[in-house]
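Survey of secondary and tertiary structure
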Amino acid sequence: MSSAATTVAQSQQPQPAPPAETPPKTGRPEDGAAPRQAPDYSSYRVVAAKHPWRWVGTAVVALGVLAVAWSLATNPRWEWGVVAQWFTAQSVVNGLVETLKLTAISGILGFVLGFILALMRLSASPLLVSVSWTFSWIFRSTPLLVQMLLWYNLGYLYEKISLGIPFTDVRFFEVQTTTLISQFAAAVLGLTLNQAAYSAEIIRGGILSVDQGQLEAAAALGIPAWRRSTRIVLPQAMRAILPTAFNEIIGLVKGTSIVYVLAYSELFYTVQVIYNRTQQVLPLLLVATLWYIVITSVLSVFQYYIERHYSKGAVRNLPLTPLQKARKLFATHAAVPTRRNS
């Protein structure tokens, strides 16, 4: 009896708690450990990355450029004196004016007609879509030279061109085809229609590049269709249209040289007439080449600034123009610290 009571009393005594687990040391000061010191990199030397092959390639290209420049400057057969003599000659300048005239008229009319054809291609009317597609197919499938000769010889197919009520004898206007289709008219007609066929596809691709969700959102907000097209679609489509469109304009400038087959006095035909008379073929070709380079360089400058204008919604900060970069460079190197007045 007494032994049983002793056993019960011992079982009722509180048992000692198990020893608490010691938390791992993390190296922080509050954990009792010494703080870990950051490595000192002050004695390390910063070494620029080496690009030996870049320097090798730069040297090779520089030598090639110098060799070409030396050849152009020292070879007397280039006849730079003759080039300087004819570069600003009155006949050459007149031919240049005619080239610019053809480019401006054909470019404007071609892109206006191309815009109409692009809208027809995007229309829901099967007839408009078919006409637009057939137009682009025909004029992109035939050489520009063939189109020029065809329009110039249109009088062989149709002696008269008239305007009146179809399928009746009523005529409001009638003229001889040979009188209406002159050399200039045939050149403008051929260049314009050929340009319109390519411009239609460029503009159509630019319009299709705009996210259709934006149009749906604008329509849900109740914005009229005209404002959706002019304020939402076209500004964004211009970013895709402009680079290719300027390529087409530059190609049109050089494409005007094909008008020589019509004996129209544009720049290239004028140069041909001169070197056929003087037998100075290469210098006169250089004159035409340099003028084409000047025209395309000016167009490239316009392209840069127009593309920069339409990229406002695509980038946060517009890139600096070459003039702004030059000003920043000179301002950085020309800055002189001024003394403070005591």
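What you are looking at is a predicted structure, and each value in this text was computed from that prediction instead of being measured.

Quick notes on the environment of Gln176
When you line up the elements, Gln176 lands in strand β2 (residues 171-176). A relative accessible area of 38% means that Gln176 is categorised as partly exposed. Distance from Gln176 to Lys160, taken between C-alpha atoms, is 4.5 Å for residues 16 residues apart in sequence. For Gln176, the contacting residues outside a window of four places in its chain are Glu159 and Lys160.

With respect to the confidence of the model for the protein
Chain-level statistics for the protein give a pLDDT mean of 83 and a share of 85% at 70 or above. Taken as a whole, residues 1-11 scores under 50 in pLDDT and shows zero contacts with residues more than four places along the chain or in a different chain. Below pLDDT 50 for its whole length, residues 338-342 participates in zero contacts with residues either more than four positions away or in separate chains.

Details of the packing of aromatic side chains
Within the structure shown, the criterion is met by seven aromatic pairs. A ring pair is formed by Trp78 and Trp80, whose centres lie 6.2 Å apart and whose planes are at 25°; its orientation type is stacked. Ring geometry for Phe184 against Tyr264: centres 5.8 Å apart, planes inclined by 40°, an arrangement best described as tilted. One end of the pair, Phe184, is in helix α9 (residues 183-208); the other, Tyr264, is in the loop between α11 (225-255) and α12 (267-278), with 80 residues separating them in the sequence. By relative accessible area, Phe184 is classed as partly exposed at 27%.

Criteria and thresholds
Residues numbered from 1 in each chain as written. Predicted model: local features only at pLDDT ≥ 70, side-chain atom pairs only at ≥ 80, totals over all residues. Heavy atoms only, no water. Helix = DSSP H or I, 4+ residues; strand = E, 2+ residues; numbered from the N terminus. Buried < 20%, exposed > 50% of the residue type's maximum accessible area, 1.4 Å probe, protein only. Contact = heavy atoms within 4.5 Å. pLDDT = per-residue confidence, 0-100. Phe/Tyr/Trp six-rings, centres within 6.5 Å; stacked < 30°, edge-to-face > 60°.

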